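Analysis of the macromolecular model
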Amino acid sequence: MLEYLLAFALPFVSAATAPVTCQSLPGLDAVLATKQLNYLLVGEYHGTVEMPQIAADALCAAAMKDRPVILGVEFTPDNQATLDAYLVSDGGPAARAALLTGPAWQVAEGRTTVAVLEMIDMARQLKRAGKRVSIVAFDRVPTPAVSREREAALAQGLMDARARVSGGLVVALTGAGHAGKTPWSSQNPPFPATGQLLTDGETIALTFARPGGQYWGCSAPNGDRSAGCIAYDMPAREPVPARGIVLDRTLRDGFEGVFSAGKPYTASRPARTIPETSAK
């Protein structure tokens, strides 16, 4: 509940034009210094507090270098108008309420959390501070939701967004399965992921360290949906690494590097009020 209340209290702090302070993230400078970098994919496990914050840190640091930056959000294009309106708003309660009328926010799942809202608000703060920041809702959801067509459309959405902004850098938060540069081997036959469909020399794909914790979602890690949308435990597969980004292609197949929050993950609640029967 505190996280939810803070999401609506923050505009009173950030609505006024003020300098934006980026949170330091070890290893990020090396990422942004990569030659010909045009796409930075932050591959996440939907529903945590920390992973959207990593994307927000990257967005902030890139914008401070005075390069145009496009924040990619895994929403469908019917959310674009409300995202654009929020980006040029004062971030106050009325502006946030209007943003949350967008179609994506009507489902209390891991892509529509307070943490994602705060990431979007970072883009707004940077825009208000005079930085060249825009936002794109780049998802497409055909049937089935995991498909060759969707991956191609996700990549095309990011390429189209960058084509509209001369010299722009795309920083996109998306599921790690999309961000990677290996095929969807869970599908038969496998097909390319979004990260493979972007120009390799222009793209860095990052994935998350796996020290466990919790995430907010509508299914358990094994796919069981019987408990509904709640905070689930995330499997721990390794010790907690230090906070930051390590660029090393050998750490995880299909990714240039791994990021860590420096602690186990915490679940981020939905940005909209949800029924008490599903709130845990």
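Residues numbered from 1 in each chain as written. Predicted model: local features only at pLDDT ≥ 70, side-chain atom pairs only at ≥ 80, totals over all residues. Heavy atoms only, no water.

A few words now on the environment of Thr203. Here Thr203 lies in strand E5 (residues 203-208). A sequence separation of 165 residues divides Thr203 from Asn38, and the C-alpha atoms of the two residues are 6.1 Å apart. Once you skip the residues sitting within four places of it in the chain, Thr203 turns out to touch Leu37, Tyr39, Leu41, Lys181, Leu198 and Glu256. (Helix = DSSP H or I, 4+ residues; strand = E, 2+ residues; numbered from the N terminus. Contact = heavy atoms within 4.5 Å.)

Attention now goes to helix H5 (residues 80-87). Gln80, Leu83, Tyr86 and Leu87 are the residues of H5 that are buried. Considered in projection along H5, the buried side chains sweep an arc of 130° and stay on one side of the axis. The elements touched by buried residues of H5 are helix H6 (93-99), helix H7 (114-128) and strand E3 (133-137). (Buried < 20%, exposed > 50% of the residue type's maximum accessible area, 1.4 Å probe, protein only. Arc of directions from axis to C-beta.)

Owing to its 3.6 residues per turn, the α-helix brings residues three or four apart onto one side. Helix length check: H7, at 15 residues, gives a terminal C-alpha distance of 20 Å against a target of 21 Å (1.5 Å per residue), a fit within 8%. Within H7, 11 of the 15 residues are buried, leaving the element largely enclosed by the surrounding structure. Along H7, the residues that are buried comprise Val114, Ala115, Val116, Leu117, Met119, Ile120, Asp121, Met122, Ala123, Arg124 and Leu126. (Expected span 1.5 Å × (residues − 1).)

As a further point, take the pattern of salt bridges. Scanning the entire structure with this criterion turns up 14 salt bridges. Here Arg96 ties to Asp121 by a salt bridge, and the two come within 3.3 Å at their closest N and O atoms. Taken together, the positions of Arg96 in helix H6 and Asp121 in helix H7 put the pair 25 residues apart, joining distant regions of the chain. By relative accessible area, which is 2% here, Asp121 ends up buried. Asp139 is the partner of Arg111 in a salt bridge, and the nearest nitrogen-oxygen pair spans 3.0 Å. Here Arg111 is found in the loop between H6 and H7, whereas its partner Asp139 is found in the loop between E3 and helix H8 (148-163), with 28 residues between them in sequence. Asp139 sits in the buried class, given a relative accessible area of 1%. Residues joined by salt bridges that share partners form a network here, namely Glu74, Glu109, Arg111, Asp139 and Arg150. (Salt bridge = Lys/Arg side-chain N within 4 Å of Asp/Glu carboxyl O.)

For the rest of this paragraph, the subject is the state of the cysteines. Per the counting criterion, the structure on display carries two disulfides. Each sulfur in the disulfide pair Cys22 and Cys60 lies 2.0 Å from the other. Measuring handedness by torsion sign, the sulfur bridge of Cys22 and Cys60 sits at about -85° and is left-handed. Taken together, the residues span a long stretch of sequence, with Cys22 in the loop between helix H2 (11-14) and helix H3 (28-32) and Cys60 in helix H4 (residues 50-63) at a distance of 38 residues. (Disulfide = S-S within 2.5 Å.)

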